[in-house]
Structures are given as structure tokens and as C-alpha cells.
Amino acid sequence: MLRPVETKPETIRLQPTRGFSRVLAPHELWRYRDLAGQIALRDITVRYRQTLLGAVWAVLQPIGFMVVFSLFFGNLAGVASNGLPYPLFSLAALVPWTFFANALLLGSDSLVANSALVSKIYFPRIFMPAGILVAGCVDLAISLVILIAIVLIWGLAPTVAILSLPLLIVIAAMAALGTSTALSAINVRFRDVRYVVPFLIQLWLFATPVVYPSSLLDEPWRTLSAINPMVGVVEGFRWATLGSGNAPWDLIGISAVSAVVIFFAGLAYFDRVERGFADYV
Amino acid sequence: MATTIQTHALGKRYRLGLYKRGYGTLREAIAEAFRRGGPDESDYDGPDFLWALRDLTLAIEPGEVVGLIGHNGAGKSTLLKLLSRITEPTEGYADVTGRVGSLLEVGTGFHPELTGRENIYLNGSILGMRKSEIRERFDEIVEFAEIERFLDTPVKRYSSGMSVRLAFAVAAHLEPEILLVDEVLAVGDAAFQRKSLGKMTEVASQGRTVIFVSHNLAIIQALCERGVLLQRGEAVADGPVKATIDQYLASLEEGASKDLLERTDRDRRGYYDTQIRRVEIRGGGDSPPDVVVAGEPATIAIELTEQLATMECRVTIVNGLGQPVTSFDSEISAATDIRDPELGARIECEIASLPLLPGRYRIDLLLKAGRQIQDGLQAAGFFEVQPGVIDGRPTPAAGSDGDIVLPHIWRLPP
């Protein structure tokens, strides 16, 4: 019945830690890989359980915004859309934006929402916001398929530029994870985060060229705005899926660097405060 | 063979009051997190801090089954939390060899929207099992929990008994080298409790290292060889389980003999419009307090600080192993009860013939007024029952089962 213990048990020293030692220890993450998988699976399964429309919501959210934005910004306000049909122009941006915004909204609450687990069981806490992100990837995949279908139906043909999508998704994911881990860690101590995040997402939406093209900005500002990693992602998505205009590599490059910085800064902060979560949550 | 758990001067300090100076604002907290060399160490022994555990050095050998005993707030759960890595020590360190599984509070990590099947996998991996292990033991778990028919029903539709059984079943099938068990055996109905206890006995005899925390001293005594007594975060006794339990019981009585108003148990609770000052039990005549004779009349007298309207009281008598024997509640009234305006801030309960077997017992009290709990105190008093005659029969010699004798009449062939 009892199986032999698979490896020689190793000794772990439990002691006060200083510095950055936890999240950034891949060995530790690997040891808990099964749990990471189960948490991601749970987040995916639970997301649309007992909803009428299920995963349709993954598509409905960006499509709904597309309709509203097309009506108000496209038709009434006549916002420029780089010569593209406004609905496509906004949908191509809304798909990555929805992924990012949901990861931020749900991820920043993930530790507090799972406080029963956090205060009772040890596991690398990073799995909580990371699980949300993984579950968001499923939504992203669904809405991406719909986006490409709509583009084809509209009569546009995506070019080879579409191959840059994985890179753009990685940039968005890194930015989302860096921000949501930091926010979730702060949320453990200060529940103010719950009220700040929805507001922050609204602001961030307008700081990102979702309803307008980034070409609306004058030059030093257009390039500088790519410090917001979602600028490169959104403009990149338009270029990659609608196959129009020149490749915005300048924006993507700056955004990528910025996403990497946000990612590591967020993780470093998370790492620094992780040890106290169980005492405060 | 090397020790399984070795702690060296282990200590854990908690901050009382979350928003005191120094961490009050978000800005300070961020600054604190990035300060070189960690937080400011001054003033850590001040009144804002509580050492839940201090200077604990303990070695546990492989295969030992150890019971942790102590009052609420003595540091038992803190020690388990440190060993299971939920929280970090403030000072000292512990070397832990082998995989640790913890069975803390049944059902942690169940997700109500997921089905029983999905929850077995989720909860199993939360408790530290590999996916392959769970698959291997899946049928066993389901059978133990007795939920075959409801495997694909979301857990939120389970009765509370079902979800508790499932949670325990998952946890009980853990196979780590070190198992930490915190007060989890009191779940389910009597039949399931017996089954769980049987499972724990099996676990304890498999040569695994187990640390038990329970307030049920009978369970501790039955399962463990070694007992460690914690008091205010320090280990004050460590040895054979029986000796440690005796020392714990002695310390409880020491606490009870003091003025009850000075007691500041963490689990003492209530509105305190009136408080329990003193409790004693007296036999007939001028026998000394707290010594009564089996079968004789006895009066439990409770002195309070204030007399309030509509006061009610509940007395629970608990035996030497921490198991409740019986309780009486004045809220369930009888025609023979008396409301006496002359009594003052005092409640009395008269027992015509004490049906308890000889031994030491403890009194737990719960005092209510106007439907609110005013004061609740465990181990408010202790008393000794001496051998006597219950209902015409002498009390049996030591070694009989149970704590109580019911009035009874035999009918036997001549």
C-alpha cells in the first residue's frame, strides 16, 4: 500500500528570510507544480460555472464594447481609425485590452478572495494571481478566434504579421502579472486596492489607444506613450490582425522593455512581502 | 537516524493592532518593505507586540507521535503554522526533514462550485499530494467519505455532513512523512468520528511522524506517546503523554483557584455587564468547598459582580480528560426552579443526589442576561468527588467505564 518515498527526503530550514528569495526560486515553484496546475484548472472551471452563457462572455465583453465604442466614438464623435472600419479598429484593440483588464481586476483580489487557503496552507502565493492570468488566456484564445473570423468575414486578409501575436500576448501577460501581483500583495494589507483598481482600469483604458489611434499624438509623445506597455500591445494587435499600416516596432520595443521592468518590479515587491500574508490577510 | 524536526530557539511575534504607528500608511508600508536590513527592531517587546511562541527548542524523532497540549493562545497552532510554512518565524529556525502534510481545519480549499470529484483533486494537491497519488487513492477516498452517488454534484449542494466527511477523507489519505493535525477529529456524526479516530490510530501506528493538537485530552492520550505542554509560547513540560497531561490539569486548577475576575483567557467572552467572580460546589453540612461525596446532595454556587434582570446560566461538567459529562441550562426551565428576589448577584444550582463517579471534574460556565452572553469561562472551577453511595449502591472501585451512574434497578434470576 505504502509506496516507497520517491526521493530521499530533503531538509528544509524554516527561518526568517530577508531579501528576495522566494518567488524567484524556480526550484520551489517546480516542487509545487501540481498545485499550480490544479489552481489554474480551478480558475478556468469556475469562471463561467452556473452562468447561462458560459464562455460566450469571453467574447461578449469585447464585442459589447466594440458596438458601444463604434456608435459613440466611431459614428458620433468621428474619431479617426487609420482608415480602417471603426468596429474592426476597436475590436482588435479590445481583445488584448479585455485580457489585461480582467487579469488586473481578478488578479488583484485573488489573495484576499482565497484568504482561507492563504492562512491555512503553504504554497507559493504567486500561484493565485498567476492562476487568474492562465484562466484569462483561455478567454483570450476564444476571443482571438472570433476576432480573426470577423476580420476574414469583413474581407480583410491577415498577413504574416499575425505571427507576432504570441510576442504581443507575452508582453501583455508580463505587464498584467507584474501589476496584479503587486496590487494583490498591497490588497492583503490595505483593502483600498479593491476600490482603486476599477478606477485605475478606467484611467488606463483612456491612456491606451483603444478608442483612438496612437497616431493622434504628436511625435515625442506618441513614442513616449509606449512606456505604457499596453500601447505597444494594442497597436501591435491592430497591425498583426488587420494587416494594415507599418509595423509599430518602435512602440512594441519600448512596451516590451517596460513590461519586463513592471514584471520584475511587481514580482520583487510581492516576494518581499509574501512572508507576511498569512499574518495579515 | 536524523531527527525529523529540530527547532532552535524558535520564536514568532505578532503585532497587536494592525494600524499602529510605523505601518499606518501605504507609503510607510512600501518604504518598510524596501528598507535595507529589514524592519526597525526597536520596541519589539513593547505592549504592541505579542510573542505567540518564544525560544522553543524541540527535537522530534522519526516515527514519534507527539501531542501538543496547552490553553488557547499557548502557541500550539502557531507552532503548527510555522512547521507547515504558512508563516515565518521571527527568530530562531527549524529544520524539517521530509514532506509535511497538514490537516488543519477540515475543508480548507474546497470550492463550492466544483464537484466532489474536482474538489478531491484540488484539495488533494492543496494538501500536498501529487496528482498521481490522488488518482491512486481516489476510490479509497470516495469510499471512506461515503459519497459515491454525489461525486459529480457541486459541493455547494452537499449537506454539511457530506462535505465534512469528504474533506476529512481527502486529508486522512495524505501520505507525507510528517503529518500535522489540528483539532479535526470532532467532525461528522458519532459513527464517522469513530471511523476517523480509527484512521488516525492507523496513521499514528504506521511509523510516520505525527503532531496532534486537540483540546480533547482523551484523544491525545490515546494516540500519542509523547506530550509537550505549551504555556504562553514556551514549552514547560515534555515527556510521556500521561505525565504531561497531569501537569496540564494541575496548571488548570492553579488558574481556577485565583479570583476569576483576574482571569484573562483569550476565549473568555461576553458583554461583561456582569461577570463571574467565583464558583464553588459544596456538599451538605460543613464539608470543605469543592469536595463532594458521590450520591450526596451538592450545590453549585456562582457569585457574580452584578445582579441583572433575566439572568440565565449554563453549567457544563467536564471530566479529567476534557470530555463533557453533562450540562444543565437554566433557560430550559422546570416548575421546580425558583426565582428568588433575596438571592442577589448569585446563582445556585442544587443537585439532590450527585450521580458522578469519584474523580476530578471541572466546571465550565456560560452566563447570559437579556439573551446576551455576559461571560463565558472554561475551567471556572474544579471539584473532587469522593467515593460514596449512589442510589443505594456503593460507587464502584476505580476502572469502571464512564463518569456517571444512572438510577437503576436490576431484575435477575435468583
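For the structure, see preceding data.
Residues numbered from 1 in each chain as written. Chains lettered and ligands numbered in written order. Predicted model: local features only at pLDDT ≥ 70, side-chain atom pairs only at ≥ 80, totals over all residues.

A. Region of interest: the overall build of chain B. Along the backbone of chain B there are eight helices and 19 strands. With 414 residues in all, chain B has 39% of them scored as buried. Of all intrachain contacts in chain B linking residues separated by at least 6 positions in sequence, the fraction that spans at least 24 positions is 73%. (Helix = DSSP H or I, 4+ residues; strand = E, 2+ residues; numbered from the N terminus. Buried ≥ 20, exposed ≤ 12 C-beta atoms within 10 Å, placed from the backbone. Contact = placed C-beta atoms within 7 Å.)

B. Quick look at the nonpolar core. Counting residues in hydrophobic clusters, the biggest one holds 144 residues, and the most contacted among them are Phe100(A) and Ala172(A). Looking at which element gives the most residues to this core, the answer is helix 4 (residues 86-107) of chain A, with 15 residues. With near-sequence residues (within four places) excluded, Phe100(A) lies in contact with Ala172(A), Ala175(A), Ala176(A) and Met230(A). Ala294(B), Ile347(B), Leu366(B) and Leu377(B) belong to the second-largest nonpolar core, a separate cluster that totals 31 residues. (Core = buried A, V, L, I, M, F, W, Y, C linked by C-beta atoms within 7 Å.)

C. The arrangement of helix 3 (residues 56-76) of chain A in detail. Residue and element names in this part refer to chain A. Taking 1.5 Å of rise per residue, 21 residues should cover 30 Å, and helix 3 covers 28 Å from first to last C-alpha, within 8% of that figure. Most pronounced at Ser 70, the bend in helix 3 amounts to some 35°. Buried positions along helix 3 lie against helix 4 and helix 7 (127-153). Where helix 3 terminates, the next one or two residues include Gly 78, which has phi positive at roughly 65°. (Expected span 1.5 Å × (residues − 1). Bend = angle between axes of the 7 residues up to and from the residue.)

D. Main features of the pairing of strand 13 (residues 311-319) of chain B. Residue and element names in this part refer to chain B. Here strand 13 shows a clear split, with Met 311, Cys 313, Val 315, Ile 317 and Asn 319 buried on one side and none of Glu 312, Arg 314, Thr 316 and Val 318 buried on the other. The sheet contact formed by strand 13 and strand 16 (residues 359-369) spans nine bridges and is antiparallel. If you follow Ile 317 over to strand 16, its bridge partner there is Ile 363. Here strand 13 runs beside strand 14 (residues 324-329); their pairing, made up of five bridges, is antiparallel. Within strand 14, the position partnered with Thr 316 by the bridge is Ser 327. (Pairing = 2+ DSSP bridges.)

E. Structural context of the sheet that holds strand 16 of chain B. All names here are of chain B. One open sheet accounts for five strands, arranged 11-17-16-13-14; its pairing is mixed. One side of each edge strand has no neighbouring strand; the edge strands of this open sheet are strand 11 (291-293) and strand 14. The mean angle between the axes of side-by-side strands here comes to 30°, regardless of whether they run parallel or antiparallel. (Axes fitted to C-alpha atoms, helices over the stretch in contact; angles between N-to-C directions.)

F. Just the environment of Leu251(A), in detail. By the secondary structure assignment, Leu251(A) is in helix 12 (residues 249-274). For Leu251(A), a count of 24 C-beta atoms within 10 Å puts it in the buried group.

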